[in-house]
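# Inside the fold
If you want the building blocks of each chain, they are given just below.
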Amino acid sequence: MSIFEYNGSALIAMVGKNCFAIASDRRLGVQLQTIATDFQRIYQIHDRLFIGLSGLATDAQTLYQRLVFRHKLYQLREERDMKPETFASLVSAILYEKRFGPYFCQPVIAGLGDEDKPFICTMDSIGAKELAKDFVVAGTSSESLYGACEAMFKPDMEPEDLFETVSQALLSSVDRDCLSGWGGHVYVVTPTEVKEQILKGRMD
């Protein structure tokens, strides 16, 4: 079993019309044993920028603390929030720095950039970025997430449609993966507000 599959995870970010959604499952396990059913995988960096960390839970929490530290330093020096593109480069650099003993994480970054243009990207554990204009996925259920997203994605969705699409894609995908699931956690971010929803899924 790969170390990336040790805790199980499912992450998805999808783009809409001047908005984006980022969602994760809520299960924390040790292989097939469930430890917690309310685990947080998505973190808010600032009002318009979120990061989801799949992979080994301990590394994800360590990496998140380092990213918060670096972002606070940036805010003090620049007196502004980091753009999503800049933040993605920062995450990539921090991961590549540790390439000989990497953080066992696959980050998913989603944010609103200039003129409210949504930005999404994912990367591997040593920081090789993969940019997309529609959706990105990560975690143990990434194969079924790809299939569900390919089938359901439509360009320029409004926030309500985007929420429905992401939620259905997530719930149907984690049912096909025994290492992730136990409900979902969805953020839909528009230029004016952040909506957070907890989804109920199969509890097995």
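The protein goes by Proteasome subunit beta in an unreviewed UniProt entry, where it is assigned to Nepenthes gracilis.

Taken as a whole and judged by the stated rule, the model has six salt bridges. In this structure, Asp25 engages Arg41 in a salt bridge whose closest nitrogen and oxygen atoms are separated by 2.7 Å. A residue pair is termed long-range when its members are at least 10 positions apart, and Asp25 in strand β2 (residues 20–25) and Arg41 in the loop between β4 (33–36) and β5 (42–46) qualify at 16 residues. On the basis of relative accessible area, Asp25 is assigned to the buried category, the value being 0%. Overall, Arg41 belongs to the buried group, its relative accessible area being 2%. Between Asp114 and Lys83 there is a salt bridge, with the nearest N and O atoms lying 3.4 Å from each other. With Asp114 in the loop between β7 (105–112) and β8 (118–123) and Lys83 in the loop between α1 (57–78) and α2 (84–97), this residue pair connects regions lying 31 residues apart in the sequence. Since its relative accessible area comes to 34%, Lys83 is described here as partly exposed.

The next subject is the side chain of Thr190. Within the fold, Thr190 resides in the loop between β11 (184–189) and β12 (194–199). For Thr190, the residues in contact, after removing those within four places along its chain, are Asn18, Cys19, Leu112 and Pro159.

Here the structure, examined in full by the defined rule, presents six aromatic pairs. Judged by centre distance (6.3 Å) and plane angle (70 degrees), the rings of Phe20 and Phe50 are edge-to-face. With a gap of 30 residues between them, Phe20 in strand β2 and Phe50 in strand β6 (residues 49–55) connect regions that are remote in the sequence. Residue Phe20 shares its accessibility class with Phe50, and that shared class is buried. Seen in terms of ring centroids, Phe50 and Tyr187 are 4.9 Å apart; in terms of plane orientation they differ by 40 degrees. Their pairing is tilted. Of this pair, Phe50 sits in strand β6 while Tyr187 sits in strand β11; the two residues are 137 residues apart in sequence, bridging distant segments of the chain. No difference in accessibility class separates Phe50 from Tyr187, as the two residues are buried.

Attention now moves to the sheet that holds strand β10 (residues 135–139). Across the sheet, five strands lie side by side as β10-β1-β2-β11-β12; this open sheet has antiparallel pairing. Edge positions in the sheet fall to β10 and β12, since each has one partner strand and no second. With direction set aside, neighbouring strand axes in the sheet form an average angle of 10 degrees. Strand direction decides the pairing type here: β11 and β12, joined by six bridges, are antiparallel. Bridging from a neighbouring strand, Tyr187 pairs with Glu196 of β12. On top of the sheet, helix α3 (residues 142–152) reaches β1 (10–15) and β10; it is set at about 160 degrees to β10, its chief contact. Helix α4 (residues 159–174) rests against β1, β2, β11 and β12 of the sheet, and its axis sits at about 155 degrees to β1.

Criteria and thresholds
Residues numbered from 1 in each chain as written. Predicted model: local features only at pLDDT ≥ 70, side-chain atom pairs only at ≥ 80, totals over all residues. Heavy atoms only, no water. Salt bridge = Lys/Arg side-chain N within 4 Å of Asp/Glu carboxyl O. Helix = DSSP H or I, 4+ residues; strand = E, 2+ residues; numbered from the N terminus. Buried < 20%, exposed > 50% of the residue type's maximum accessible area, 1.4 Å probe, protein only. Contact = heavy atoms within 4.5 Å. Phe/Tyr/Trp six-rings, centres within 6.5 Å; stacked < 30°, edge-to-face > 60°. Pairing = 2+ DSSP bridges. Axes fitted to C-alpha atoms, helices over the stretch in contact; angles between N-to-C directions.

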